[in-house]
Amino acid sequence: MGKILGIKVQNYGSLKDVKMGKLFSDQSGDELGNMVAIIGPSGNGKSTLADAFGFISECISSDGVTGWVSHNGVGYYQLFCQGSEEPIHFEIYYKENSSSRPITYELTIAKDESDRPYVKEERLRQRRPGQKRGWPLSFLNLVDGKGYAFEGKDSGQNEDGSVVGEGEKVNVELADTRKLGIVTLGAMKQYSRIELFLGFLRSWYLCYFTPDAARQLQTAAPAQHLNRTGSNLNNVAQYMYRENPAEFKKILADIQTKIPNITKIEPVKLQNGQMVLEFWQNGFDEPFFSQRMSDGTLKLFAYYLLLHERNPRQLVFVEEPENGLYHQYMAKLAIEMKNSVGSGYGKQLFVTTHSPFFVNALSPEEVWVLEKQEDGFSMAKQASSYEFVKELANEGAMVGDLWYSEYFG
């Protein structure tokens, strides 16, 4: 459970100061919903925003801050805003459920004397139960790897240094400032709030589906979740079939109605125990395995399978789902995504897109525009904040059509 109510990214690539939603440091915005679409011309920072989410996610790996750099083959200097000496800073305003108290996570990445990134500051804070006003208490505060953390669920430290609550304050010193404190401390039960937030970050899923990867036949090992490229698609099908064959067949029956020209999808178990999928197409008497299916069919199937996960990741980020897909499919896919995330705290979906057909299925509140400013850096603006857009949408105009017609963005 849980979702982001707001996020701020500073000095990361072309994102010098981007704010989306409601933040502890800026309460003026509306909370982000479960469906968040990011639009804008090429080169305006959409991929950089996706990279920022990926960077945060990668930081909790065993490689720490250097994980994103080593896995993506970029130089350290490319992480920071060009011409800026300021450190990278993230602020995440997060809530576990409708009745829980929001948590603010702040992460600052700076350069050391060798121009390598390290964790300069890391902080978690939250108000006490029943406290609706005033400054929240810090229950994790590290600077250059040194500071404190609080055990328990309610205690913390005020800005003046006074301690509130009964949980024990523990002095902390990390051995490696390239790794996050929440990873070390979140592995210990006594730091229950840190553990909870770390579990939320670990549930993030950055999606980079590629049809060629989905065609690969991997070992006969069931997998609960799709990997980033979708190369384990058949393994996930095997897992879902093993856990509940009847339910999985219902899922396939539902998915097949949403993919054009497909009349039936069936799981087939090979002699080595591996699961493959058969796709039955209109006009053919024999089925095709996934290796023979078109790029568009495989991508659609992978997206719909992602939406039907039994234990969904809490935050999913999808980049440009329209690539390789016929434009008429996009509105239906957007509707399915909206239906999948619902209105609770079970799943949140971020999507970057160039497709007005996808955006037509969304409300102005669900759409954010990244715009380049005169200084070359990007800012984010909610579609509903543009003049006349909300009123026109209320009168029946589609948001994607308004965007295509340059009413905004």
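This write-up is about the structure you can find in this document. As a convention, each chain's residues are numbered from 1 in the sequence order in which they are written. Reporting in this predicted model follows two pLDDT cut-offs: at least 70 for local features of residues, and 80 or more for side-chain atom pairs to be given and counted; totals over whole chains, interfaces and linings ignore these cut-offs and use all residues. The side-chain values count all of the structure's non-hydrogen atoms but skip hydrogen atoms and water molecules.

1. Some words on the pairing of strand β5 (residues 103-111)
1) Next: Each residue's exposure class comes from its accessible area (1.4 Å probe, protein chains only) as a fraction of the maximum for that residue type: buried when under 20%, exposed when over 50%, partly exposed otherwise. Segments assigned H or I by DSSP are reported as helices when at least four residues long, segments assigned E as strands when at least two residues long, and all are numbered from the N terminus. Of all 9 residues making up β5, 8 are buried, and the element is well covered by its neighbours.
2) Next: Any two strands are treated as partners once DSSP identifies two or more bridges connecting them. Of the pairings in the sheet, the one linking strand β4 (residues 88-95) to β5 comprises 7 bridges and is antiparallel in character. Bridge assignment links His 89 to a residue of β5, and that residue is Thr 108.
3) Next: Pairing of β5 with strand β6 (residues 117-126) involves 9 bridges; the strand directions are antiparallel. By the bridge assignment for β6, Tyr 105 is matched with Leu 124.
4) Next: Connecting β5 to the antiparallel partner β6 that follows it, the hairpin turn spans 5 residues, and Asp 115 within it adopts a positive phi of roughly 65°.

2. A look at the sheet that holds strand β13 (residues 262-269)
1) Next: Read across the open sheet, the 3 strands follow the order β13-β14-β15; overall the sheet is antiparallel. Edge strands, defined here as strands with exactly one partner in the open sheet, are β13 and β15 (288-289).
2) Next: Looking at chain direction, β13 and strand β14 (residues 275-281) are connected through 7 bridges and run antiparallel. By the bridge assignment for β14, Ile 265 is matched with Phe 279.
3) Next: Residue contacts follow a heavy-atom distance rule, with two residues in contact if any of their heavy atoms lie within 4.5 Å. Note on method: axes are straight lines fitted to C-alpha atoms, helices fitted across the in-contact stretch only, with angles between N-to-C directions ranging 0 to 180 degrees. Lying over the sheet, helix α6 (residues 233-243) contacts β13 and β14, oriented at roughly 100° with respect to β14.

3. A short note on the packing of α6 against helix α8 (residues 295-307)
1) Next: In the contact formed by α6 and α8, the axes pass within 11 Å of each other and the chain directions differ by 40°. Overall, the two elements α6 and α8 adopt an arrangement that is oblique. Judged by the twist between their axes, the crossing of α6 over α8 is left-handed. For the pair formed by α6 and α8, the contact residues are Leu 233, Val 236 and Met 240 on the first element and Phe 301, Ala 302 and Leu 305 on the second.
2) Next: When residues are sorted by character, Ala, Val, Leu, Ile, Met, Phe, Trp, Tyr, Cys and Pro go into the nonpolar class, Asp, Glu, Lys and Arg into the charged class, and all the rest, Gly among them, into the polar class. Per-class residue counts for the contact of α6 with α8 are 6 nonpolar, no polar and no charged. An angle below 35 degrees is read as roughly parallel, one above 145 as roughly antiparallel, one from 65 to 115 as roughly perpendicular, and any other as oblique. Less than a right angle of anticlockwise turn of the near helix away from the far helix marks a crossing as left-handed, whereas a clockwise turn marks it as right-handed.

4. As for the sheet that holds strand β16 (residues 315-319)
1) Next: Judged by pairing direction, the sheet is mixed, and its 6 strands sit side by side in the order β12-β16-β17-β3-β18-β19 without closing on themselves. Of all the strands in the sheet, just β12 (204-207) and β19 (378-382) have a single pairing partner and so form its edges. Sheet twist, expressed as the average angle between the axes of neighbouring strands with direction ignored, equals 20°.

5. Topic: the packing of α8 against helix α9 (residues 330-341)
1) Next: Orientation of α8 relative to α9, taken along the N-to-C sense of each, is 15°, at an axis distance of 10 Å. Considered as vectors, α8 and α9 are oriented roughly parallel to each other. For the crossing formed where α8 meets α9, the hand is left-handed. Between α8 and α9, the contacting residues are Tyr 303, Tyr 304 and Leu 307 on the first element and Lys 332, Leu 333, Glu 336, Met 337 and Ser 340 on the second.
2) Next: Considering only residue class, the contact of α8 with α9 consists of 5 nonpolar, 1 polar and 2 charged.

6. Side note on the packing of aromatic side chains
1) Next: Geometry of aromatic contacts follows a simple scheme: Phe, Tyr and Trp rings, the Trp one being its six-membered ring, pair when their centres are within 6.5 Å, and the pair is stacked under 30 degrees between planes, edge-to-face over 60, tilted otherwise. What the rule picks out here adds up to 20 aromatic pairs.
2) Next: Relative to Phe 200, the ring of Phe 197 lies with its centre 6.2 Å away and its plane at 40°, an arrangement referred to as tilted. In this pair, Phe 197 and Phe 200 are both assigned in helix α4 (residues 192-202), 3 residues apart and thus about one turn of the helix distant. For the pair Phe 197 and Phe 200, a shared accessibility class is recorded, and that class is buried.
3) Next: Put simply, the rings of Phe 53, Tyr 94, Tyr 105, Phe 197, Phe 200, Trp 204, Phe 317 and Phe 350 pair up and form one aromatic cluster.
4) Next: Here the guanidinium or amino end of Lys 16 rests over the ring plane of Phe 377, the centre of that ring lying 5.3 Å away.
5) Next: Its guanidinium or amino end placed over the ring of Trp 280, Lys 264 lies 4.8 Å from that ring's centre, counting from NZ or CZ. Note on geometry: a ring has a charge over it if NZ (lysine) or CZ (arginine) is within 6 Å of the ring centre and within 35 degrees of the ring normal.

7. Regarding the pattern of salt bridges
Pairs can form between side chains of opposite charge once their charged atoms are near each other.
1) Next: Salt bridge criterion: a side-chain nitrogen from Lys or Arg within 4 Å of a carboxyl oxygen from Asp or Glu. Considering all chains together, one arrives at 20 salt bridges under this definition.
2) Next: The partner of Glu 106 in a salt bridge is Arg 125, and the shortest N-O contact between them spans 2.8 Å. With Glu 106 in strand β5 and Arg 125 in strand β6, this residue pair connects regions lying 19 residues apart in the sequence. Neither residue differs from the other here; Glu 106 and Arg 125 are each classed as buried.
3) Next: Between Lys 120 and Asp 144 there is a salt bridge, with its nearest N and O atoms 3.2 Å apart. With Lys 120 in strand β6 and Asp 144 in the loop between β7 (137-143) and β8 (146-150), this pair connects stretches of sequence that are 24 residues apart.
4) Next: Shared partners join several salt bridges into a network, and the residues in it are Glu 106, Arg 123, Arg 125 and Glu 159.

8. Notes on the nonpolar core
1) Next: Here, nonpolar core refers to any group of buried Ala, Val, Leu, Ile, Met, Phe, Trp, Tyr and Cys residues whose side-chain atoms link them within 4.5 Å. If you look at the biggest cluster of nonpolar residues, it comprises 59 residues, and the most contacted ones within it are Ile 265, Leu 277, Phe 301 and Phe 408.
2) Next: In this structure, Ile 265 is in contact with Leu 252, Ile 255, Gln 256, Ile 259, Leu 277, Glu 278, Phe 279 and Phe 301, ignoring residues within four places of it in sequence.
3) Next: Ranked by size, the runner-up nonpolar core spans 56 residues in total, among them Ala 50, Ile 60, Phe 80 and Leu 107.

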